[in-house]
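Report on the structure
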Amino acid sequence: MADRILMNKNTLAAFKAELKGYQTAFPVFEMKEQQLKEMVQVTENHIARLNASISETELKTRAWVSVMAEETVDLSQMVQEEEIITEKREIAGVSIDVFQEVSFSDKKVDLLNTPLWIDAALEVIQDQKIHRILLKMEENNLTILSRELSEARRMKNALKEVFIPDTKENIRKIEIYLGDVERLAIGCAKLVKKKKESKKAVA
C-alpha cells in the first residue's frame with residue numbers, strides 16, 4: 001500500500017521541489033539517450049566494417065593457407081603483440097576505450113631459409129591481428145554503451161511516465177485539499193462572526 005500523503009504546506013513545498021528536480025533531469029536523460037544512441041550506431045557500423053574487412057582478407061589469403069601448411073615456419077607465432085595502447089574517451093558520462101596503437105614482438109625472419117612470400121604474409125597476419133584487437137575492443141564498448149543506453153532510456157521514461165505525472169497529481173490533490181480547508185476556515189470564521197453579531201443584536 002502506498003504511503004499516505006500528508007496534506008499540508010510542507011509536503012506541498014517538498015513535492016514542488018521534487019517536480020523541479022525531475023523536470024531538470026528529464027532533458028538531461030533525453031540528451032544522454034540521444035548521444036548514446038548515436039554512438040551505439042557508430043560502434044555497430046565500425047564492428048560491421050571490421051568484420052567485413054577480416055572476412056575479405058581471409059577470403060583473399062585462402063590460397064596461401066595450403067601453401068603455409070606445407071612450410072615448417074609457424075607464421076602465427078612470428079606475429080605476437082607485446083603492448084596494446086588505448087585511451088579513455090567519455091561519451092555522455094560513459095567511459096569507453098579508444099585504440100591508439102599496438103606493438104608487436106620483433107621476430108627475425110631467416111631470409112635464406114624462408115620463401116619470399118613470407119614477408120607479405122606476416123604483414124597480412126599483423127593487420128588481421130590489429131583488426132581483431134579493434135573488433136574485440138569495439139564489441140566491449142558496444143556492450144557498455146548499450147547497457148548505459150538502456151538505463152538512460154529507462155530513467156527518461158520513468159521521469160516522463162511516472163515521476164513527473166505522479167508528482168503533479170500529488171501537488172494538485174494537496175492544492176485542492178488546502179484550498180478546501182482554507183474556504184472551510186473562511187466559512188467558519190464568517191459563521192462565528194455572524195453568530196456573535198446576532199448575540200449582540202439580541203442583547
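Rules used in this analysis
- Residues numbered from 1 in each chain as written.
- Predicted model: local features only at pLDDT ≥ 70, side-chain atom pairs only at ≥ 80, totals over all residues.
- Heavy atoms only, no water.
- Helix = DSSP H or I, 4+ residues; strand = E, 2+ residues; numbered from the N terminus.
- Expected span 1.5 Å × (residues − 1).
- Polar contact = N/O pair within 3.5 Å; in protein donor to acceptor, adjacent residues only side chain to side chain.
- Core = buried A, V, L, I, M, F, W, Y, C linked by side-chain atoms within 4.5 Å.
- Buried < 20%, exposed > 50% of the residue type's maximum accessible area, 1.4 Å probe, protein only.
- Contact = heavy atoms within 4.5 Å.
- pLDDT = per-residue confidence, 0-100.
- Salt bridge = Lys/Arg side-chain N within 4 Å of Asp/Glu carboxyl O.
- Pairing = 2+ DSSP bridges.

Okay, helix α1 (residues 9–60) next. Since one α-helical turn is 3.6 residues long, residues separated by three or four positions face the same way. With 52 residues, α1 ought to run about 76 Å at 1.5 Å a step, and its terminal C-alpha atoms sit 76 Å apart, in line with that. Its side-chain oxygen at 3.2 Å from the backbone nitrogen of asparagine 10, asparagine 8 defines the N-terminal cap of α1.

Once that is clear, we can look at the nonpolar core. In terms of nonpolar packing, the biggest core is built from 22 residues, with Leu36, Phe99 and Leu145 touching the most fellow members. For this core, the secondary-structure elements that each account for two or more residues are α1, β2 (94–104) and α4 (118–202). Those residues in contact with leucine 145, other than ones at most four positions away along the chain, are Leu36, Met39, Val40, Thr43, Val94 and Ile96. Among the nonpolar cores identified, the runner-up in size contains nine residues, and Phe15, Ile164, Ile171 and Ile174 belong to it.

Glancing now at unusual backbone geometry. One non-glycine residue, alanine 92, lies in positive phi territory at about 50 degrees. Position of alanine 92 relative to the elements: it lies in the loop between β1 (81–91) and β2.

For the protein, the mean per-residue pLDDT works out to 84, and 78% of the residues sit at or above 70. Model confidence for the protein, summarised as mean pLDDT per element, is weakest for helix α2 (residues 62–70) at 59 and strongest for α1 at 94.

Glancing now at the side chain of threonine 167. With respect to the helices and strands, threonine 167 occurs in helix α4. For threonine 167, a relative accessible area of 4% corresponds to the buried category. Setting aside residues no more than four positions away along its own chain, threonine 167 makes contact with Phe15, Glu18, Leu19 and Tyr22.

Under the criterion given, the structure shown has eight salt bridges. Between glutamate 33 and arginine 153 there is a salt bridge, with the nearest N and O atoms lying 2.8 Å from each other. Of this pair, glutamate 33 sits in helix α1 while arginine 153 sits in helix α4, and the two are 120 residues apart along the sequence. Judged by relative accessible area, which is 32%, arginine 153 ranks as partly exposed. Note that glutamate 169 and arginine 172 form a salt bridge whose closest N and O atoms lie 2.7 Å from each other. Remark: arginine 172 and glutamate 169 occur in helix α4; sequence separation between them is three residues, near one turn of the helix. Overall, the relative accessible area of 29% leaves glutamate 169 in the partly exposed class.

On to the pairing of β2, then. Alignment of β1 against β2, held across 10 bridges, turns out to be antiparallel. Bridge assignment links glutamate 81 to a residue of β2, and that residue is phenylalanine 104. Connecting β1 to the next strand, β2, in antiparallel fashion are two residues, including alanine 92 with a positive phi near 50 degrees.

Relative to the helices and strands, threonine 11 is located in helix α1. What makes threonine 11 buried here is its relative accessible area of 16%. If near-sequence neighbours (up to four positions away) are discounted, threonine 11 is found in contact with Ile5, Leu6 and Ile174.

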